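Chains, contacts and geometry: an overview
Listed below are the residues making up each chain.
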Amino acid sequence: ASPSRPPRVAIVGGGPSGFYVAHFLLKAHPEARVDIFEKYPVPYGLVRYGVAPDHPEVKNCINQFEATAALPNVRLFGNVHVGNDLSLADVRARYDAVVLSYGAAGDRPLNIPGEDLQGVMSAREFVAWYNGDPAAAATDIDLRGPQAVVFGMGNVALDVARILLYNPAELASTDISTRALSKLADQNGIQAVRIVGRRGPLEVTCTVKELRELKKLVPTDMDFFDYTTAWIDANRPRRRTLMLLQELAGKAEHTDAAAAATPRAWGFDFNLAPEEFLPDPDDPVRILNANNSSLPLPSMSSEAIIFTKMVRAHVKLADDRHTSLPFHHSIGSGLSGRIKDQPHLYCSGWIKNGPIGTIAITMADAQDTAQSIAQDLELQLTNLDPSDDCADVAELLRRRKKTVVDYAGWQRIRDTELSTVRSMPAHSRRV
Ligand code: FAD
């Protein structure tokens, strides 16, 4: 029998994976009704609270999300935290299919002593702070410097390094949080950022584009290494990264007049792992080298830089324990977004695969999940009887006196934000 009503699909999490699932699903089933639940009053997840403010082009995917959100059969339920405001059972009882796309929040601890000391923070916290994530509203960061150490060799480590080393005037036209911008402009004493990796140059995961950006921003100071023979087996993008790294290594560019005026620098330190953080400002971190011998943090060759204190930031990536919902990341691998033993429940994005992958990868993954849902809808493998009239979740939220930020509400927030940015005073240059 053909269904007497269009299929109803709930999406839990208004980040890229949620919006891309909606987009692809509606291509296959334009008649479907899609409701997107987002715990924050504003949508778009890590596009808003993760992607670095100096990468506005990455955020262009928002145009696609806006087009989806504006469709008459899509509703945005912002400020609705599934697990708190609505139980998953509340949602499942009202939809033919439910997609979990709530990302992977939380930190993966390093499990070394001193991790909780002031000044040691995860990259997640630091990124949340400069992007104005409400979760970081109380975060205060000691930027007195002169050195910051970032553990990890991926693009997020480079994002953190860039934000610390930028001349804040150059960030003023971005969507960086005003609170972070003021702090960076007025109180940033960081002169050097060391990016410390457990493994060697062959294992760096950052991309050439991000390395070039940092190279352009401030001079490099890192030890020379020669891995030329190992490059033979490396694929082309990896070879390009290695060549650039080698070009940078051993080249302290402090002769440059501009660099002399602003003695900021950055560099990689390879094959070192943090062993312990100490409350001693002169010796704040002990590092283990590849032979497992303990040593203090390597200092940089430039005499212009004196290390007394430093801010430390380690790059997390998220773990799976910080959610009020019973499903944790990597739930869906290999099942094309269907969750094992949970009919009509699907997953997409970082909650599905763990906290890895760019927006483009997240998009391709969402297409995989959307395809599974579309196939199941066609076979009428749905949670509710297709002829049932289902109760509207909006009514339940009204009864619970929940303030929902819908698409129109989000538009008003966005317009206010845009007008605030335009009227923001220019910040003084940092020297
Ligand atoms: P998320 O983006 O985390 O979205 C999940 C959404 O679910 C969030 O909006 C969250 O608020 C919401 N949510 C969580 N719990 C609930 C709940 N219980 N109820 C309702 N809603 C909930 N990729 C690039 O391509 N380029 C970059 O430059 C780039 N930079 C990055 C920088 C950082 C620091 C990080 C961490 C990632 C970056 N990425 C970048 C990767 C990109 O952000 C991810 O691929 C993408 O955001 C994953 O999408 P997602 O929807 O799975 O998760």
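As a reminder, the structure under discussion sits directly above these lines.
Scope of this entry: the structure provided in the associated data block. If you're wondering where the values come from, they're calculated on a predicted model, not measured in any experiment. (Residues numbered from 1 in each chain as written. Predicted model: local features only at pLDDT ≥ 70, side-chain atom pairs only at ≥ 80, totals over all residues. Heavy atoms only, no water.)

**Some words on the packing of aromatic side chains**
Cut-off, in case you're wondering: Centres within 6.5 Å are what make two rings of Phe, Tyr or Trp a pair, Trp counting through its six-membered ring; a difference in plane orientation under 30 degrees is then read as stacked, over 60 as edge-to-face, and the rest as tilted. Buried residues are those whose accessible area, probed at 1.4 Å on protein chains only, stays under 20% of the maximum for their type, while exposed residues exceed 50% and partly exposed ones sit between those limits. Distance and angle both matter: a charge sits over a ring if NZ of Lys or CZ of Arg is within 6 Å of the ring centre and within 35 degrees of the ring normal.
All chains considered together, the criterion is met by 13 aromatic pairs. Plain terms: the ring middles of Trp266 and Phe268 are 6.1 Å apart, the flat faces sit at 75° to each other, and that makes the pair edge-to-face. Owing to a relative accessible area of 0%, Trp266 belongs among the buried residues under this scheme. By way of ring pairs, the aromatic residues Phe19, Tyr20, Phe24, Tyr44, Phe65 and Trp410 are connected into one cluster. Over the face of the ring belonging to Tyr95 we find Arg8, whose NZ or CZ atom lies 5.7 Å from the ring centre. Its end group placed over the ring of Tyr40, Lys39 keeps NZ or CZ at 5.1 Å from the ring centre.

**A look at the pattern of salt bridges**
Rules: Basic side-chain nitrogens of Lys or Arg form a salt bridge, by our definition, when they fall within 4 Å of a carboxyl oxygen of Asp or Glu. To qualify as a helix, a DSSP run of H or I must reach at least 4 residues; to qualify as a strand, a run of E must reach at least 2; elements of each kind are numbered from the N terminus.
This structure, assessed with the given rule, holds 25 salt bridges. As a salt-bridge pair, Asp54 and Arg162 come within 2.7 Å of each other at their nearest N and O atoms. Of this pair, Asp54 sits in the loop between helix H2 (45–49) and helix H3 (61–69) while Arg162 sits in helix H6 (residues 155–165), placing them 108 residues apart in sequence. Taken as a pair, Asp54 and Arg162 share a single burial class, namely buried. For the salt bridge of Asp85 with Lys402, the shortest nitrogen-to-oxygen distance reads 3.5 Å.

**A closer look at the side chain of Lys59**
Quick reminder of the rule: By definition, residues are in contact when any of their heavy atoms lie within 4.5 Å.
Locating Lys59 in the fold gives a position in the loop between H2 and H3. Here Lys59 falls in the buried class, since its relative accessible area comes to 10%. When near neighbours in sequence (up to four residues on either side) are disregarded, Lys59 contacts Val47, Arg48, Val51, Ala52, Pro53 and Asp175.

**Regarding the site of the ligand**
The following threshold applies: Nearness here has a simple test: a residue counts as near a molecule or strand if at least one of its heavy atoms is within 4 Å of that partner. Pairs of N or O atoms within 3.5 Å make up the polar contacts considered here, provided that, within protein, one atom can donate a hydrogen while the other can accept it, and that residues adjacent in sequence are counted only when both atoms are side-chain atoms. Areas reported as accessible are Shrake-Rupley estimates using a 1.4 Å probe. Residue values count occlusion only from the protein chains shown. Source of the domain bounds: an automatic or database domain assignment.
Within the structure, the ligand sits among 31 residues, and Ser17, Glu38, Val82, Trp350 and Gly357 are positioned closest to it. Glu38 has a polar side-chain atom sitting 2.5 Å from an oxygen atom of the ligand. Here an oxygen atom of the ligand sits 3.3 Å away from a polar atom, N or O, in the main chain of Thr358. With the chains in place, 90% of the 1,000 Å² that the ligand exposes on its own is no longer accessible. Breaking the shell around the ligand down by element, the ones donating at least two residues are helix H1 (16–28), strand S2 (33–38), H2, H6 and helix H13 (359–378). Among the domains, domain 1 (8–105 + 319–422) and domain 2 (120–314) are the pair contributing at least three residues each to the shell around the ligand.

**Examining helix H5 (residues 123–130)**
When you tally the buried positions in H5, you get 6 out of 8 residues, the bulk of the element. Taken together, the buried positions of H5 are occupied by Ala123, Phe126, Val127, Ala128, Trp129 and Tyr130. Immediately beyond the C-terminal end of H5, within one or two residues, lies Gly132, with a positive phi of roughly 70°.

**Some points on the nonpolar core**
So the rule is basically this: To qualify as a nonpolar core, a set must consist of buried Ala, Val, Leu, Ile, Met, Phe, Trp, Tyr and Cys residues joined through side-chain atoms within 4.5 Å.
Counting 45 residues, the largest nonpolar core has Phe126, Trp129, Tyr130, Val193, Ile195, Trp266 and Phe268 as its most contacted members. Mapped by element, the contributors of at least two residues to this core are H5, strand S6 (147–151), H6, helix H8 (178–187), strand S7 (192–196), helix H9 (208–217), helix H10 (236–248) and strand S8 (265–269). Residue contributions to this core peak at 7 residues, all from H6. Those residues within four positions of Tyr130 in sequence are excluded, and the remaining contacts are Gly50, Ala52, Pro53, Asp159, Val160, Ile163, Ile176, Ser177 and Ala180. Within the second largest apolar cluster, 35 residues are counted, among which are Ala97, Ala370, Ala374 and Leu377.

**Let's talk about the sheet that holds strand S3 (residues 74–78)**
Two strands in a sheet stick together by hydrogen bonds in their backbones, pointing the same way (parallel) or opposite ways (antiparallel). Filter applied, for reference: Strands are treated as partners if at least two bridges between them are detected by DSSP. Angular values range over 0 to 180 degrees, each being the angle between N-to-C directions of two axes fitted as lines to C-alpha atoms, with helices fitted over their stretch in contact.
Judged by pairing direction, the sheet is parallel, and its 5 strands sit side by side in the order S3-S2-S1-S4-S13 without closing on themselves. Where the open sheet ends on each side, the last strands, each with one partner, are S3 and strand S13 (345–347). Pairs of neighbouring strands in the sheet enclose a mean axial angle of 20°, with direction left out of account. Bridge count for strand S1 (residues 8–12) against S2 is 5 bridges, and the pairing is parallel. The residue of S2 that forms the bridge with Ala10 is Asp35. Where H13 meets the sheet, it contacts S1, strand S4 (97–100) and S13, and its direction lies at approximately 160° from that of S13.

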